[in-house]
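Survey of secondary and tertiary structure
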Amino acid sequence: MDVTATLEAPVAPAALFAWVDDLSQYPQWLDIVPRAAAADPHAHDVGPAWSVDLRGRFGPFARSKRLRMVRTACEPHRHARFERAEHDGRDHSAWVLDAEVDGTDDLSRLTMRLHYGGRLWMPALDRLLADEIERSRPRLLALLA
């Protein structure tokens, strides 16, 4: 599954980037991430790590997932990439979140790409994620105001 979402904001790229380069900020504007906290570092990590809870509700059903994510790339004010990095000796599906910001002093554009490499995705979850993306845009813009 691959999803791309964009957002334009009337702020400098650095201001917008500050909300997407640190996963612990995501619960403030993205409901499907109710918790993201710093995780203990591991010798194989190339950047900071977070323990991230994902939660989705579809009708009366709710599903939660905990991922250990590591920032594997960071170009200040422009690009951050996060990848799942579990260190428990088991195979895990890939999760990759890539955030790019560009723009001018008073207008920024955020492009976020999410890749999930697992088999447990179903079409109904596409709609759930699309709805959450739409709800998150005004929350993030309000935090930037």
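Above this note sits the structure.
A brief report on the enclosed structure follows.

The rules we used
Residues numbered from 1 in each chain as written. Predicted model: local features only at pLDDT ≥ 70, side-chain atom pairs only at ≥ 80, totals over all residues. Heavy atoms only, no water. Pairing = 2+ DSSP bridges. Helix = DSSP H or I, 4+ residues; strand = E, 2+ residues; numbered from the N terminus. Axes fitted to C-alpha atoms, helices over the stretch in contact; angles between N-to-C directions. Buried < 20%, exposed > 50% of the residue type's maximum accessible area, 1.4 Å probe, protein only. Contact = heavy atoms within 4.5 Å. Salt bridge = Lys/Arg side-chain N within 4 Å of Asp/Glu carboxyl O. Core = buried A, V, L, I, M, F, W, Y, C linked by side-chain atoms within 4.5 Å.

The antiparallel open sheet is built from seven strands, whose spatial order is S1-S7-S6-S5-S4-S3-S2. Both edges of this open sheet fall to strand S1 (2-9) and strand S2 (35-38), since each of them pairs with a single strand only. Here the strands of the sheet are splayed against their neighbours by 20° on average, with no regard to which way each runs.

Counting through the fold element by element, threonine 4 comes out in strand S1. Accessibility expressed as a relative area gives 54% for threonine 4, which makes it exposed. In this structure, the C-alpha to C-alpha distance between threonine 4 and tryptophan 95, residues 91 residues apart in sequence, is 14 Å. Ignoring sequence-local partners within four residues, the contact set of threonine 4 consists of Thr111, Met112 and Arg113.

Counted according to the given criterion, the structure contains 16 salt bridges. Across the pair aspartate 31 and arginine 139 runs a salt bridge whose closest N-O atoms are separated by 3.4 Å. Placement of aspartate 31 in the loop between helix H1 (13-17) and S2 and of arginine 139 in helix H2 (residues 123-144) is noted, with a sequence separation of 108 residues between them. For arginine 78, the salt bridge goes to glutamate 100, with nearest N and O atoms at 3.9 Å. Taken together, the residues span a long stretch of sequence, with arginine 78 in the loop between strand S4 (61-75) and strand S5 (79-84) and glutamate 100 in strand S6 (residues 95-103) at a distance of 22 residues. According to the relative accessible area criterion, arginine 78 is partly exposed, its value standing at 37%. Residues joined by salt bridges that share partners form a network here, namely Asp31, Glu132, Arg135 and Arg139.

It is worth spelling out the nonpolar core at this point. Formed by 34 residues in total, the largest nonpolar core has its most connected members in Leu16, Val20, Leu23, Tyr26 and Leu110. Contributions of two or more residues to this core are made by S1, H1, strand S3 (49-58), S4, S5, S6, strand S7 (108-116) and H2. Sequence-distant contacts of tyrosine 26, that is, excluding residues within four places in its chain, are made with Trp19, Val20, Val33, Phe82, Leu97 and Met112.

Here we come to the side chain of serine 51. Inspection of the secondary structure puts serine 51 in strand S3. By relative accessible area, serine 51 is classed as buried at 14%. Discounting residues that sit within four places of it in the chain, serine 51 has contacts with Arg35, Ala36, Ala37, Ala39, Arg66 and Leu67.

Note that every value here comes from positions in space, so none of it alone points to a role or purpose.
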